[in-house]
Amino acid sequence: MKKIVANFKMNKTNNEVKDYIMKLLPKYEKDKAEIVLCVPFTAITLSKFLLDGTGINIGAQNICDEDDGKSTGEICGSMIKNCGADYVIVGHSERRVKFKENGRIINKKIKLALKNRLKVILCIGETLAEKNTLKTNEVIKTQLEDALKGLYENELDNIVIAYEPIWAIGTGKTPLAKEIENTVKVIRKVVADDFSDKAGEKIEVLYGGSVDVKNIASFSKIKNINGMLVGGASLDADNFSQIIKNIR
Ligand code: PGA
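Here goes a summary of the coordinates provided. Given the structure is predicted, the values throughout are model-derived calculations rather than measurements.

1. Notes on the pattern of salt bridges
Next up, step 1: Applying the stated rule across the entire model yields 17 salt bridges.
Next up, step 2: Between Lys-108 and Glu-66 there is a salt bridge whose closest N-O contact spans 3.0 Å. You can see Lys-108 sitting in helix H5 (residues 103-115) and its partner Glu-66 sitting in the loop between strand S3 (57-60) and helix H3 (77-83), a full 42 residues away along the chain.
Next up, step 3: Residue Lys-108 is classed as partly exposed on the basis of its relative accessible area, which comes to 27%.
Next up, step 4: Across the pair Lys-202 and Asp-157 runs a salt bridge whose closest N-O atoms are separated by 3.2 Å. Within this pair, whereas Lys-202 is found in helix H9 (residues 197-202), its partner Asp-157 is found in the loop between helix H7 (136-148) and strand S6 (159-163), the two being separated by 45 residues in sequence.
Next up, step 5: Among the residues examined, Lys-202 registers a relative accessible area of 49% and is labelled partly exposed.
Next up, step 6: Looking at Asp-157, the relative accessible area reads 46%, which means it is partly exposed.
Next up, step 7: Within the structure, one salt-bridge network assembled from shared partners comprises Lys-3, Glu-34 and Glu-204.

What follows is the structure, encoded as structure tokens:
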């Protein structure tokens, strides 16, 4: 079954999340895809309450890279888990760029997420300049190796990689299916080289970046991906349920 992760980013008050879930639930076909809603921290508890028993999972969009309480304004893994989330997005490009999150910080966050029994959705991807200078494979390899440094192979069962070219996020521009397939091959090869062939085959890889109702059917035909990460197009419940419906 394909996995569809919705990233609400910094959108929706709790009232809006409640309306959204109420609209989504009657239209949601359980067997169509495995859904993870990554809501703002403020809406995790409410979402858990409303979604309990529906099969829809909840994710956070970030986690603190420290566990020691001396990080005013941050939220750590045990708090996220205790609110009812099972997933957390780590390394989204908006955080890498705006909040200067580098490979070392992302690696720390992943380890803390796993320690707190949270599954990680690790975002990686190249800029347009990197794509145009044919650096995509090199960038992907570095980002992956930095992020996964020091992990045991069995921990990869709790990691989902989201390939999100930065130039495709929120722009309406997307790579060709063949380009996605090729980059995902590179991702699987890096994991295979660093862990094992089996790990490279088994790891879940998603595509993200301007996924919408119109392109979901063609993206879902790409053979070596396990699903999609949807940002802007997930914000409207009707739209999102249509995306789920169109998945192949
Ligand atoms: P988008 O965002 O679907 O709006 O391009 C994807 C993301 O930021 O994860």
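2. Quick look at H5
Next up, step 1: Taking 1.5 Å per residue, 13 residues should reach 18 Å; H5 reaches 18 Å between its end C-alpha atoms and fits that length.
Next up, step 2: Residues of H5 that are buried sit in contact with strand S4 (87-90), helix H4 (93-98), strand S5 (119-124), H7 and S6.
Next up, step 3: Among the residues of H5, the N-terminal cap falls to Asn-102, whose side-chain oxygen and the backbone nitrogen of Arg-104 are separated by 3.2 Å.
Next up, step 4: Of the residues flanking the end of H5, it is Arg-117, one or two places downstream, whose phi is positive at about 55°.

3. Some remarks on the sheet that holds S4
Next up, step 1: Around the barrel, eight strands lie side by side as S1-S2-S3-S4-S5-S6-S7-S8; this closed barrel has parallel pairing. Neighbour-to-neighbour, the strand axes of this sheet turn through a mean angle of 25°, independent of strand direction.
Next up, step 2: Here three bridges tie strand S2 (residues 34-38) to S3, and the two strands are oriented parallel to one another. Paired with Val-36 across the bridge in S3 is Asn-57.
Next up, step 3: In this fold helix H2 (residues 44-51) packs onto S2 and S3, with an angle of close to 175° to the strand it touches most, S3.

4. Considering unusual backbone geometry
Next up, step 1: Positive phi is not limited to glycine here, since Lys-100 has a value of about 55°.
Next up, step 2: Classification of Lys-100 as exposed rests on a relative accessible area of 62%.
Next up, step 3: Even without being glycine, Leu-134 reaches a positive phi, approximately 60°.
Next up, step 4: Positionally, Leu-134 belongs in the loop between helix H6 (128-132) and H7.

Criteria and thresholds
Residues numbered from 1 in each chain as written. Predicted model: local features only at pLDDT ≥ 70, side-chain atom pairs only at ≥ 80, totals over all residues. Heavy atoms only, no water. Salt bridge = Lys/Arg side-chain N within 4 Å of Asp/Glu carboxyl O. Helix = DSSP H or I, 4+ residues; strand = E, 2+ residues; numbered from the N terminus. Buried < 20%, exposed > 50% of the residue type's maximum accessible area, 1.4 Å probe, protein only. Expected span 1.5 Å × (residues − 1). Contact = heavy atoms within 4.5 Å. Polar contact = N/O pair within 3.5 Å; in protein donor to acceptor, adjacent residues only side chain to side chain. Pairing = 2+ DSSP bridges. Axes fitted to C-alpha atoms, helices over the stretch in contact; angles between N-to-C directions.

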